[in-house]
Amino acid sequence: MKLAARDIIKDYPGCRALDKVSFEMESGKVYALIGKNGSGKSTLVKLFAGVIQPTDGELLMDGEKLHFKTPKEAHDKGIVTVYQEMSLIPGLTVAENIFLNRMPKKGRMIDWKTAYRKADGLLKTMGVSIDPRALIKDLSMWQKQIVEITRAMSFSPEILMLDEPTSALAQHEVQNLLSFVRKLKEQDIIVIYITHKLQELKQVADEIVVLRDGEFIGQRPVGDIDNREIVHMMFGEVSLRHRPEDVVPGRDIVMSVRGLTQKRTFQNITFDLYRGEVLGIAGMLGSGRTELLRAIFGADKFQEGTVEIEGKRIEKFDPIHLIDAGVGLTPEERKTQGVILMHSVKDNLNYASIRANTIGKYIEDKKKRTENAKKQVRDLQIRIPDMDSPCSTLSGGNQQKVVVGNWLSINPRIMLYDEPSRGIDVNAKQQIFEIMWKGSKEGISTIFVSTELEELLEVCNRILIMCHGKLAGEVDPDKCPIDELYACCMSGEIPPEIVYRRKEA
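Residues numbered from 1 in each chain as written. Predicted model: local features only at pLDDT ≥ 70, side-chain atom pairs only at ≥ 80, totals over all residues. Heavy atoms only, no water.

Enquirer: I tried to follow the pairing of strand 2 (residues 15-26) on my own but got confused; where do I start?
Expert: Here is the key point about a regular strand: its side chains alternate between the two faces of the sheet. Here 8 bridges tie strand 1 (residues 2-12) to strand 2, and the two strands are oriented antiparallel to one another. Across the sheet, Tyr-12 pairs through a bridge with Cys-15, a residue of strand 2. Between strand 1 and strand 2, which pair antiparallel one after the other, the connecting turn spans 2 residues, and Gly-14 there sits at a positive phi close to 75 degrees. (Pairing = 2+ DSSP bridges. Helix = DSSP H or I, 4+ residues; strand = E, 2+ residues; numbered from the N terminus.)

Here's what the structure looks like:
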């Protein structure tokens, strides 16, 4: 079977998302579709999935022209898609989400026993143990992603499109998924795999297809190209930076956390954050990293412990008081917690600083709001049709940049970044890292949580290790190789030679 695009054009108001894109794919291979934010990857996937239609050009399967008006028509042709943004229904069970609109029945009644048995079997093929009776709202992020992928596989597709499938997964879950994707080739199907993680390409893909600014750049066997060439195809020229030597923590403590405990999530967390420090928190999913950041920010309650900022103990823990103390948080789930999708780009870039951008208490300062939004769009290179466009019209990566820009607008003293680079391309990641380093030089302290442990080694001055809700210790990123960091996160044991020892100024 062959899948082909011929001179595909897709126009939106004020923006050409795809410009005469042409390529071919054949069954039995995994194709990595890559490109920076706004390159047209997600648009191309939506065309094949029947969500949108091309403005011009042809999509073909074995020479037959495809004219999908609905996703159901694409499904009927064996094209199944797992999108970057999840589409699960929180109030339904795992089994109900997997078999949505096609639950097994006995006569007119739903056959729950069969539904749970089939769902359990599918989940086991993914190498995970998730209760098919569990509600989606009670699952962790990585469990939700696995359910999403399992639902797609239940259709026995001929073409499977995975849009950033590992963005919410820790390393051991990533390896399970990549192993599963490799096995799909044996079923003689086409797998289109969209990712920003260059390290995954050689593990899973046979060929890469590169888009840049809506144009087709090239198609190459993955064995014939290295990461430097791939980055050049994606961006032209880009400088990959590592932590500058002058990003050095000060001697004074900005935030002191003592004995912080949230039952069933984390226990007795104690650490200090220094002025201008970029402090990483590493751990497997479920280790309590996200919950710790949310507790420090006042978004979730904790039962024991104290937090002091600039020597002053925080008595009222809610986001308003923490913002007043100069703390900002970019949340893990941007779609539900980071932006209001139906609201404009300008509004979303001003919500955190809304009180600073008013005249008196109640009158909106439109000039300030517009100037702030323009600054963040310029500084973060956010690609938008215009300031009044809804955030829902932006790519996932550009939505994430809006989340970051919103919190930078409060001019924080302490920034808490929870997975800020998820769904962001290599160039945009470098911009985020540069923002952290620039803030460090200006005295802003940062706590950075990332599933991509390589990022923590590249960016941070010091890394805390969380394992099963407890702080196992801290490592020196300049002495810790990546495989050792993974081992520390999984075991909670830190070899003496990589333990962080603070250098006295």
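Enquirer: Even after reading the chapter, I still don't get the side chain of Glu-455, so can you show me in this structure?
Expert: Tracing the sequence through the fold places Glu-455 in helix 16 (residues 453-459). A relative accessible area of 5% means that Glu-455 is categorised as buried. Setting aside its immediate chain neighbours within four residues, Glu-455 contacts Ser-421, Lys-429, Phe-433, Phe-448 and Ser-450. (Buried < 20%, exposed > 50% of the residue type's maximum accessible area, 1.4 Å probe, protein only. Contact = heavy atoms within 4.5 Å.)

Enquirer: In this structure, what is going on with the sheet that holds strand 17 (residues 312-313)? I would like to understand it.
Expert: In a beta sheet, neighbouring strands pair by backbone hydrogen bonds and run either parallel or antiparallel. Taken together, 4 strands build an open sheet; the order of strands is 14-13-16-17 and the sheet is antiparallel. Unpaired on one side and paired on the other, strand 14 (266-274) and strand 17 mark the two borders of the sheet.

Enquirer: Could you clarify how one ought to interpret the environment of Ala-299 in this entry?
Expert: On the secondary structure map, Ala-299 appears in the loop between helix 9 (289-297) and strand 16 (304-309). Placed 119 residues apart in sequence, Ala-299 and Phe-180 show a C-alpha to C-alpha distance of 36 Å. Once residues lying within four places of it in the same chain are set aside, the contact partners of Ala-299 are Arg-294 and Pro-319.

Enquirer: How should the packing of aromatic side chains be read in this particular structure?
Expert: Two descriptors summarise a pair of aromatic rings, namely the distance from one centre to the other and the angle between the planes of the rings. For the coordinates displayed, the defined rule picks out 6 aromatic pairs. Measuring from ring centre to ring centre gives 5.5 Å for Phe-297 and Trp-407, while their planes differ by 90 degrees; the resulting arrangement is edge-to-face. In this pair, Phe-297 is assigned in helix 9 and Trp-407 in helix 14 (residues 396-408), connecting sequence segments 110 residues apart. Each member of the pair, Phe-297 as well as Trp-407, is classed as buried. Just above the ring of Phe-155 sits the side chain of Arg-102; from NZ or CZ to the centre is 3.7 Å. Between the NZ or CZ atom of Arg-502 and the centre of the ring of Tyr-274, over which it lies, the distance is 3.6 Å. (Phe/Tyr/Trp six-rings, centres within 6.5 Å; stacked < 30°, edge-to-face > 60°. Lys NZ or Arg CZ within 6 Å of the ring centre and 35° of its normal.)

Enquirer: In this structure, what is going on with the nonpolar core? I would like to understand it.
Expert: The tendency in soluble globular proteins is for nonpolar side chains to be buried as a group. Counting 75 residues, the largest nonpolar core has Met-255 and Phe-271 as its most contacted members. Apart from the residues lying within four places of it in its own chain, the contact partners of Met-255 are Phe-271, Asp-272, Leu-273, Ile-296, Val-307, Glu-308, Ile-309, Ile-414 and Ile-447. Within the second largest apolar cluster, 52 residues are counted, among which are Tyr-116, Leu-198, Val-204 and Ile-225. (Core = buried A, V, L, I, M, F, W, Y, C linked by side-chain atoms within 4.5 Å.)

Enquirer: In this structure, what is going on with the sheet that holds strand 10 (residues 190-194)? I would like to understand it.
Expert: Here 6 strands make up an open sheet; going across it, the order is 6-9-10-3-11-12 and the pairing mixed. The strands lining the two open edges of the sheet, one partner per strand, are strand 6 (79-82) and strand 12 (215-221). Taken over all neighbouring pairs, the strand axes of this sheet differ in orientation by 15 degrees on average, direction set aside. Pairing of strand 9 (residues 159-163) with strand 10, which is carried by 5 bridges, proceeds in the parallel orientation. (Axes fitted to C-alpha atoms, helices over the stretch in contact; angles between N-to-C directions.)

Enquirer: Looking at this structure, how should I read helix 4 (residues 112-125)?
Expert: The periodicity of an α-helix, 3.6 residues per turn, causes residues three or four places apart in sequence to face the same way. Here helix 4 is 14 residues long and its end C-alpha atoms lie 20 Å apart, about the 20 Å a rise of 1.5 Å per residue gives. All of the buried residues along helix 4 are Thr-114, Ala-115, Tyr-116, Ala-119 and Leu-123. Residues of helix 4 that are buried make contact with helix 3 (94-98) and helix 5 (141-153). (Expected span 1.5 Å × (residues − 1).)

Enquirer: Would you take a moment to explain a positive patch on the surface for this structure?
Expert: A contiguous patch of positive charge, built from Lys-106, Lys-113, Arg-117 and Lys-118, is present on the exposed surface. Ranked by residues supplied to the positive patch, first place goes to helix 4 with 3 residues. Note that Lys-113 resides in helix 4. Judged by its relative accessible area of 71%, Lys-113 falls in the exposed class. (Patch = residues over 30% accessible without salt bridge, like charges linked within 9 Å, V, L, I, M, F, W, Y side chains within 5 Å. Areas by Shrake-Rupley, 256 points an atom, 1.4 Å probe, with all protein chains shown as cover. Salt bridge = Lys/Arg side-chain N within 4 Å of Asp/Glu carboxyl O. Lys, Arg positive; Asp, Glu negative; His and termini not counted. Charge placed at Lys NZ, Arg CZ, Asp CG, Glu CD.)

Enquirer: What should I look at first to understand the pattern of salt bridges in this one?
Expert: Side chains bearing opposite charge may pair, as long as their charged atoms lie close to each other. Under the counting rule described, the total for this entry stands at 28 salt bridges. Arg-6 is the salt-bridge partner of Glu-24, the closest N and O atoms lying 2.5 Å from each other. Remark: Arg-6 occurs in strand 1 and Glu-24 occurs in strand 2; sequence separation between them is 18 residues. Judged by its relative accessible area of 32%, Arg-6 falls in the partly exposed class.

Enquirer: How do you make sense of a nonpolar patch on the surface when you look at a structure like this?
Expert: Together, Ile-359, Tyr-362 and Ile-363 line one region of the surface with nonpolar side chains, adding up to about 390 Å² of accessible area. Within the secondary structure, Ile-359 is located in strand 19 (residues 358-359). By relative accessible area, which is 46% here, Ile-359 ends up partly exposed.

Enquirer: Would you take a moment to explain helix 17 (residues 482-491) for this structure?
Expert: Buried within helix 17 we find Leu-485, Tyr-486, Cys-488 and Cys-489. For helix 17, the angular spread of the buried residues around the axis is 160 degrees, confining them to a single face. (Arc of directions from axis to C-beta.)

These results come straight from atomic positions and should not be treated as a statement about function.
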